[in-house]
Amino acid sequence: MTPGFISTILRSPITAFVARLLLVFMFLGSGISKLVDFPAAQAEMAYFGLNPPWLFAVATLVTQLVGGVLILFNRASWLGAGALGIFTFLTIPIAHHFWTMEGQIAQLEFYIAIEHLSVIGGMLLVAILAERTRAA
């Protein structure tokens, strides 16, 4: 049984908003950074072999910003969570391919990939909870 004061906190719309903000903070920050410094965003895409870099930079920043805003404001959360979940999954073989590396960098990239899987789980929960509250 959840204590009453904890239940009150967990049921608060403010808590839900803060939780969504914390989940999408990295996506919004990254998307804003790419928007503010588009040449750096293109350089990042080129570094990972994504061509044409400008197209991948635009697709990335749009996915990060639109997906993050949809989740943050709990509008079409399933779409935002799905887009960011797929995006996050795709970054593993593109940028965090630890199985092709050796030593400490392989270990670091492995941990980043595992963290990405946790974020994907969070995205699934956002979509599930949004659907349950919509249907209620």
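Our subject is the structure listed above.
What you are looking at is a predicted structure, and each value in this text was computed from that prediction instead of being measured. (Residues numbered from 1 in each chain as written. Predicted model: local features only at pLDDT ≥ 70, side-chain atom pairs only at ≥ 80, totals over all residues. Heavy atoms only, no water.)

Trainee: So what about unusual backbone geometry? Which residues, and what values?
Mentor: The omega torsion across Asn 51 and Pro 52 is -5 degrees, close enough to zero to call that bond cis. As for its placement among the helices and strands, Pro 52 is situated in the loop between helix 3 (38-47) and helix 4 (53-72). One non-glycine residue, Asn 74, lies in positive phi territory at about 55 degrees. Relative to the elements of secondary structure, Asn 74 occurs in the loop between helix 4 and helix 5 (77-95). (Helix = DSSP H or I, 4+ residues; strand = E, 2+ residues; numbered from the N terminus.)

Trainee: Any details on a nonpolar patch on the surface? Residues and values, ideally.
Mentor: On the surface, Tyr 47, Phe 48, Ile 86, Phe 89, Leu 90, Ile 94, Phe 110, Tyr 111, Ile 114 and Leu 117 cluster together into a nonpolar patch covering about 1000 Å² of accessible area. Within the residue set of the nonpolar patch, elements represented by two or more residues are helix 5 and helix 6 (103-135). Along the chain, Ile 86 falls in helix 5. By relative accessible area, which is 56% here, Ile 86 ends up exposed. (Patch = residues over 30% accessible without salt bridge, like charges linked within 9 Å, V, L, I, M, F, W, Y side chains within 5 Å. Areas by Shrake-Rupley, 256 points an atom, 1.4 Å probe, with all protein chains shown as cover. Salt bridge = Lys/Arg side-chain N within 4 Å of Asp/Glu carboxyl O. Buried < 20%, exposed > 50% of the residue type's maximum accessible area, 1.4 Å probe, protein only.)

Trainee: Explain the packing of helix 2 (residues 13-36) against helix 3 to me, using residue names and the numbers behind them.
Mentor: At a minimum axis distance of 5 Å, the contact between helix 2 and helix 3 shows a crossing angle of 110 degrees. One way to sum up the angle between helix 2 and helix 3 is to call them roughly perpendicular. In this structure, helix 2 uses Lys 34, Leu 35 and Val 36 to contact helix 3, whose residues at the interface are Phe 38, Ala 41, Glu 44 and Met 45. The residue inventory of the contact of helix 2 with helix 3, partitioned by class, reads five nonpolar, no polar and two charged. (Axes fitted to C-alpha atoms, helices over the stretch in contact; angles between N-to-C directions. Parallel < 35°, antiparallel > 145°, perpendicular 65-115°, else oblique. Contact = heavy atoms within 4.5 Å. Nonpolar A, V, L, I, M, F, W, Y, C, P; charged D, E, K, R; others polar.)

Trainee: Talk me through the environment of Trp 54; I want residue IDs and the actual numbers.
Mentor: Of note, Trp 54 is situated in helix 4. Residue contacts for Trp 54: discarding those within four places in its chain leaves Phe 38 and Gln 42.

Trainee: Now, about the packing of aromatic side chains: what can you tell me, with residues and values included?
Mentor: On inspection of all chains with the given rule, the structure shows six aromatic pairs. Aromatic pair Phe 17 and Phe 73: ring centres 6.3 Å apart, planes at 50 degrees, arrangement tilted. Residue Phe 17 is found in helix 2, and its partner Phe 73 is found in the loop between helix 4 and helix 5; the two are separated by 56 residues along the sequence. Overall, the relative accessible area of 32% leaves Phe 17 in the partly exposed class. Grouping aromatic residues by their ring pairs yields a cluster made of Phe 98, Trp 99, Phe 110 and Tyr 111. (Phe/Tyr/Trp six-rings, centres within 6.5 Å; stacked < 30°, edge-to-face > 60°.)

Trainee: Would you mind going over the packing of helix 4 against helix 5 in detail, with residue names and values included?
Mentor: For the pair helix 4 and helix 5, interaxial distance at closest approach is 8 Å and the crossing angle is 140 degrees. Considered as vectors, helix 4 and helix 5 are oriented oblique to each other. Relative to helix 5, helix 4 is oriented so that their crossing is left-handed. In contact with Thr 60, Thr 63, Gln 64, Gly 67, Gly 68, Leu 70 and Ile 71 of helix 4, helix 5 contributes Ser 77, Leu 79, Gly 80, Ala 81, Ala 83, Leu 84 and Phe 87. (Left-handed = near helix turned anticlockwise from the far one by under 90°.)

Nothing here speaks to function; it is geometry throughout.
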